[in-house]
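The chain contents come next:
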Amino acid sequence: MQHDAIVERHDNVAPIPFEADAPFLRVIGELPRELNGTLYRNGPNPQFDSPGAHWFVGDGMLHAFHLENGRASYRNRWVRTPKWLAEHDAGRALFGGFGRKLPDAPADLTDGGVANTNIIFHAGKLLALEEAHLPTEIEPGTLATRGYYNYQARVAGSFTAHPKIDPITGELVFFGYNAAGPLTPALSYGSIDASGKATRFERFEAPYASMVHDFIVTENHVLFPILPITGSMARAMKGQPPYAWEPDKGAYVGVMKRSGTTKDIVWFRAEACYVFHVMNAWEDGQRIVADVMQFEEAPLFPHPDGRPTDPQKSRARHCRWTFDLSGNTDRFQQTYLDDLTGEFPRIDDRRAGLKSRHGWYACANPKLPMFGALSGIVHVDGNGRRLGHYLLPAGDTISEPVFVERSKDAAEGDGWLLAVVWRARENRSDLAVFNATDIEAGPAALVQLGHRVPDGFHGNWVGAQ
Ligand SMILES: [Fe+2]
């Protein structure tokens, strides 16, 4: 990626070259006393410049904001992946392109994992996730890397950055794509129970090889979206894009009962689209409703011949998918719920897979020319209607908003929204704390950093108890 060009565009994608500890940060306003824990975030932050490397394959850097009794501290660390360690020793990049090894890299170096996409806490383990590799275990607090975690060797291969945790059973449900090797149409599916034991791991064939970033889990069903950012080894061998936008392949979503097996998957079809992220989904009688952020054309990936996709269509909007399980049709419905450009949808995770009445996502400012930059938050009800809309000062950008409930038994949506905000004029970042049901009032508290946190992907709150 061309970092010089990025800086000239006044955005916040370029990496920061250091690790730091800030024990006492300045707080503007007052941090709610109930916020007692740590917001962990993850995102790409390449250790070394590597010409042509996709933004998605930058080394993962973790950012931890610890809040306790109204005080705030911060720590950031790269994840010490095998790639990071080898490049650190070499003092230069050894991988480029889409995770491809550079020609002069050592022959025995094969693992290009970057652990850069999400960080979750389940069954007592803090795990940095990136969809092409196993989870990487991280020590809470210090952010030290403990290494790959494979659930007593019961899980292998790729592991999504977007597993779902069932709020009723505590079970973690996951999948992996490229499960039979790079650019293959095989998927894996598995589950980990609330105690951390792998209880299921199987593989199946999807209609074609594609990039599968997220999936859908309800109380009784799992849905696998196969959408046409296709993967092709034939293209890759010819030096063409390994992943490309091929709308003619169509959109498939495989629906499976959680009590069934992958042999029973029923495939639904619809118009070509792409979805990186699912807000939530639930069952409604014989229907499954899934709210997603849908792109008409894929962003960030070209057509097979290298032409870019249409920027007017390569933006995501809140969209509802509806599946009729009564056997009347194999088509699913796609209905846009808003026209705002948005991404990084979140809910009150206590309603994951269940009918929810609150959702939030980061949105673009429709009045600004910087069309794609996320610079505000939308709060929506269970039908996508806006309950609140907050825009940052022009030029500033915002991360995914993470919901934290006020207490274990607080009503759905009663709590705070935590997002990292880049202050363009000062070129540094704040942690912003919003009242989740009144985002229009603006941040109730700001935790100020002296440096910037580059735009990243995902994070989660881990409460102190
Ligand atoms: Fe994601």
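Residues numbered from 1 in each chain as written. Predicted model: local features only at pLDDT ≥ 70, side-chain atom pairs only at ≥ 80, totals over all residues. Heavy atoms only, no water.

A. Looking closely at the environment of phenylalanine 268. By the element assignment, phenylalanine 268 lies in strand E21 (residues 266-270). When the C-alpha atoms of phenylalanine 268 and arginine 33 are compared, they prove to be 47 Å apart, with 235 residues separating the residues in sequence. (Helix = DSSP H or I, 4+ residues; strand = E, 2+ residues; numbered from the N terminus.)

B. Quick peek at the coordination of the iron ion. Ligation of the iron ion by protein atoms is provided by His162 (NE2), His213 (NE2), His277 (NE2) and His458 (NE2), these donors lying 2.0 to 2.1 Å from the ion. For the iron ion, the 4 donor atoms in the first shell make angles of 92 to 164° at the metal, a pattern classed as irregular. Along the chain, the residues that donate to the iron ion are spaced as H-x50-H-x63-H-x180-H. With histidine 162 in the loop between strand E11 (145-148) and strand E12 (164-165) and histidine 458 in the loop between strand E34 (445-448) and strand E35 (459-463), this pair connects stretches of sequence that are 296 residues apart. Both residues of the pair, histidine 162 and histidine 458, count as buried. (Donors = N, O, S within 2.8 Å, 3.2 Å for Na, K, Ca; no water. Tetrahedral: all angles 85-135°; square planar, octahedral: opposite > 155°, others 65-115°. Buried < 20%, exposed > 50% of the residue type's maximum accessible area, 1.4 Å probe, protein only.)

C. Structural detail: the pattern of salt bridges. Evaluation of the coordinates by the stated rule reveals 34 salt bridges. Measuring nitrogen to oxygen at the nearest pair gives 2.8 Å for the salt bridge that ties lysine 83 to aspartate 59. With a gap of 24 residues between them, lysine 83 in helix H2 (residues 82-90) and aspartate 59 in the loop between strand E3 (37-44) and strand E4 (60-68) connect regions that are remote in the sequence. Put simply, Asp396, Arg423, Arg425, Glu426, Arg428 and Asp430 are held in one network by salt bridges that share partners. (Salt bridge = Lys/Arg side-chain N within 4 Å of Asp/Glu carboxyl O.)

D. Structural detail: the sheet that holds strand E1 (residues 20-22). Read across the open sheet, the 5 strands follow the order E1-E5-E4-E3-E35; overall the sheet is antiparallel. Either end of the sheet is taken by a strand with one partner, and the two such strands are E1 and E35. Between one strand axis and the next, the sheet turns through 15° on average, direction left out of account. As judged from the 8 bridges shared by E3 and E4, these two strands associate in the antiparallel manner. (Pairing = 2+ DSSP bridges. Axes fitted to C-alpha atoms, helices over the stretch in contact; angles between N-to-C directions.)

E. Up close: the confidence of the model for the protein. Mean pLDDT over the protein stands at 94; residues scoring 70 or higher make up 97%. Segment residues 1-9 is flagged for pLDDT under 50; beyond a separation of four residues in sequence, or across chains, it makes 18 contacts in the model. (pLDDT = per-residue confidence, 0-100. Contact = heavy atoms within 4.5 Å.)

F. Molecular detail of the side chain of histidine 458. Residue class for histidine 458 comes out buried when judged on its relative accessible area of 1%. One polar contact links histidine 458 to glutamate 400, side chain to side chain, over a distance of 2.9 Å. (Polar contact = N/O pair within 3.5 Å; in protein donor to acceptor, adjacent residues only side chain to side chain.)

G. Highlighting the environment of leucine 143. By the secondary structure assignment, leucine 143 is in the loop between strand E10 (136-138) and E11. Taking the C-alpha atoms as reference, leucine 143 lies 11 Å from asparagine 42; in sequence the two are 101 residues apart. Apart from residues lying up to four places away in sequence, leucine 143 is in contact with Tyr40, Leu62, Ala64, Arg75, Asn76, Arg77 and Ile138.

H. Spatial organisation of H2. Turning to H2, its buried residues are Lys83, Trp84 and Glu87. End-on view of H2: buried residues confined to an arc of 95°, all on one side of the axis. As for H2, its buried residues are in contact with strand E5 (71-78) and strand E6 (95-96). Following H2 by one or two positions, glycine 91 has its phi on the positive side, about 75°. (Arc of directions from axis to C-beta.)

I. Expanded view of the pairing of strand E13 (residues 172-177). Among the 6 residues in E13, 6 count as buried, and that is most of the element. Burial along E13 is two-sided: the face carrying Leu172, Phe174 and Gly176 and the face carrying Val173, Phe175 and Tyr177 are both buried. Hairpin remark: E12 followed by E13, antiparallel, with 6 residues in the connecting loop; positive phi at glycine 170, about 80°. As paired strands, E13 and strand E14 (residues 186-192) are joined by 6 bridges and run antiparallel to one another. When the bridges of E14 are listed, phenylalanine 175 appears paired with tyrosine 189.

J. Broad picture of the state of the cysteines. Counted by the stated rule, this structure contains 0 disulfides. You can see cysteine 273 has no disulfide; the closest cysteine sulfur is in cysteine 319, sitting 7.3 Å from it. Since its relative accessible area comes to 1%, cysteine 273 is described here as buried. (Disulfide = S-S within 2.5 Å.)

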